[in-house]
Amino acid sequence: MDIYSTIFEVIDMRSFSNLWYWIALTVLWSTASHFVLGVPFDLALKAKRQGGTRMADLEDLVRINCGRLLSIAEVSGLMLTALAAAAITILGFTGFVYDMEFSQALFLMAFPMIFVGLLNIRLARRISIEEPKGEQLVALLRRQRFYVQLIGMMSIFSTAMWGMYQNIVIGPLGG
């Protein structure tokens with residue numbers, strides 16, 4: 001037996017039974033819910049509690065990130081949409097039509113993030129039009145975080161159900 005077959009025998013290389021996949025999924029959703037429009041949510045909470053310069057810093061950071069996000073959406077939004085649609089379609093077909101578990105795992109991570117991206121662009125547009133300040137801005141960020149967490153919970157639940165189904169069908173020995 002060579003070294004590669006030994007490594008692949010010891011380490012399970014299937015996605016849904018691999019601990020690293022679940023760690024990556026957890027990190028993805030915890031990061032997505034912590035950074036609302038690129039702004040750390042704890043900064044919004046501190047700004048709400050302390051006000052003053054913290055609130056001014058939050059407002060500036062949100063304004064900068066909204067401008068950046070909207071600029072990216074306007075300049076290269078069509079190309080990014082086309083590339084994302086192509087990537088998601090390829091992952092969906094190779095994963096669920098051709099039964100490649102790695103593509104299924106990537107699809108189940110990437111597909112819900114499309115909705116998070118759309119929500120972020122929608123909120124950035126709303127903030128750039130309305131220009132909310134203070135408590136109103138923090139309330140918008142809190143609502144956005146709630147929606148991202150809701151999408152994350154549904155995503156993690158459906159990924160866990162699909163992963164358990166795959167592990168039951170394939171079996172513990174990959175057979």
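Our structure is the block above this text.
Described below are features of the structure shown in this document.

Conventions adopted
- Residues numbered from 1 in each chain as written.
- Predicted model: local features only at pLDDT ≥ 70, side-chain atom pairs only at ≥ 80, totals over all residues.
- Heavy atoms only, no water.
- Core = buried A, V, L, I, M, F, W, Y, C linked by side-chain atoms within 4.5 Å.
- Buried < 20%, exposed > 50% of the residue type's maximum accessible area, 1.4 Å probe, protein only.
- Helix = DSSP H or I, 4+ residues; strand = E, 2+ residues; numbered from the N terminus.
- Contact = heavy atoms within 4.5 Å.
- Patch = residues over 30% accessible without salt bridge, like charges linked within 9 Å, V, L, I, M, F, W, Y side chains within 5 Å.
- Areas by Shrake-Rupley, 256 points an atom, 1.4 Å probe, with all protein chains shown as cover.
- Salt bridge = Lys/Arg side-chain N within 4 Å of Asp/Glu carboxyl O.
- Phe/Tyr/Trp six-rings, centres within 6.5 Å; stacked < 30°, edge-to-face > 60°.
- Polar contact = N/O pair within 3.5 Å; in protein donor to acceptor, adjacent residues only side chain to side chain.

What about the nonpolar core?
Stage number 1. Core analysis: the biggest nonpolar cluster contains 18 residues, and Leu 37, Leu 58, Val 62, Ile 127 and Leu 141 have the highest contact counts within it.
Stage number 2. Contributing elements (two or more residues each) for this core: helix H3 (41–50), helix H4 (53–97), helix H5 (101–130) and helix H6 (134–170).
Stage number 3. Ranked by residue count, the leading element in this core is H4, at five residues.
Stage number 4. With near-sequence residues (within four places) excluded, Val 62 lies in contact with Val 39, Ile 127, Leu 137 and Leu 141.
Stage number 5. Core analysis: the next-biggest nonpolar cluster, separate from the first, contains 15 residues, Phe 16, Val 116, Leu 119 and Val 148 among them.

Remarks on a nonpolar patch on the surface
Stage number 1. Together, Phe 146, Tyr 147, Leu 150, Met 153 and Met 154 line one region of the surface with nonpolar side chains, adding up to about 500 Å² of accessible area.
Stage number 2. Tracing the chain through its elements places Met 154 in helix H6.

Thoughts on the packing of aromatic side chains
Stage number 1. All chains considered together, the criterion is met by eight aromatic pairs.
Stage number 2. A centroid spacing of 5.5 Å and a plane angle of 65 degrees characterise the contact between Phe 96 and Trp 162, whose relative ring orientation is edge-to-face. Of this pair, Phe 96 sits in helix H4 while Trp 162 sits in helix H6; the two residues are 66 residues apart in sequence, bridging distant segments of the chain.
Stage number 3. Ring centres 5.2 Å apart and planes at 10 degrees place the aromatic pair Phe 107 and Phe 111 in the stacked group. Of this pair, Phe 107 and Phe 111 both sit in helix H5, four residues apart, which is roughly one turn of that helix.
Stage number 4. Using a relative accessible area of 16% as the deciding quantity, one classes Phe 107 as buried.
Stage number 5. On the accessibility criterion, Phe 111 (35% relative accessible area) is partly exposed.
Stage number 6. Members of the aromatic cluster, each reached through a chain of ring pairs, are Phe 96, Phe 107, Phe 111, Phe 115, Trp 162 and Tyr 165.

Digging into the environment of Ala 110
Stage number 1. Among the secondary structure elements, Ala 110 is positioned in helix H5.
Stage number 2. For the pair Ala 110 and Glu 130, spaced 20 residues apart in the sequence, the C-alpha separation amounts to 30 Å.

With respect to the side chain of Gln 104
Stage number 1. In this structure, Gln 104 sits in helix H5.
Stage number 2. Among the polar contacts listed, one links the side chain of Gln 104 to the side chain of Trp 162, at a separation of 2.9 Å.
Stage number 3. Polar contacts involving the side chain of Gln 104 include one to the side chain of Gln 166, which spans 3.2 Å.
Stage number 4. Beyond its immediate chain neighbours, meaning those up to four positions away, Gln 104 contacts Phe 16, Gly 95, Phe 96, Asp 99, Trp 162 and Gln 166.

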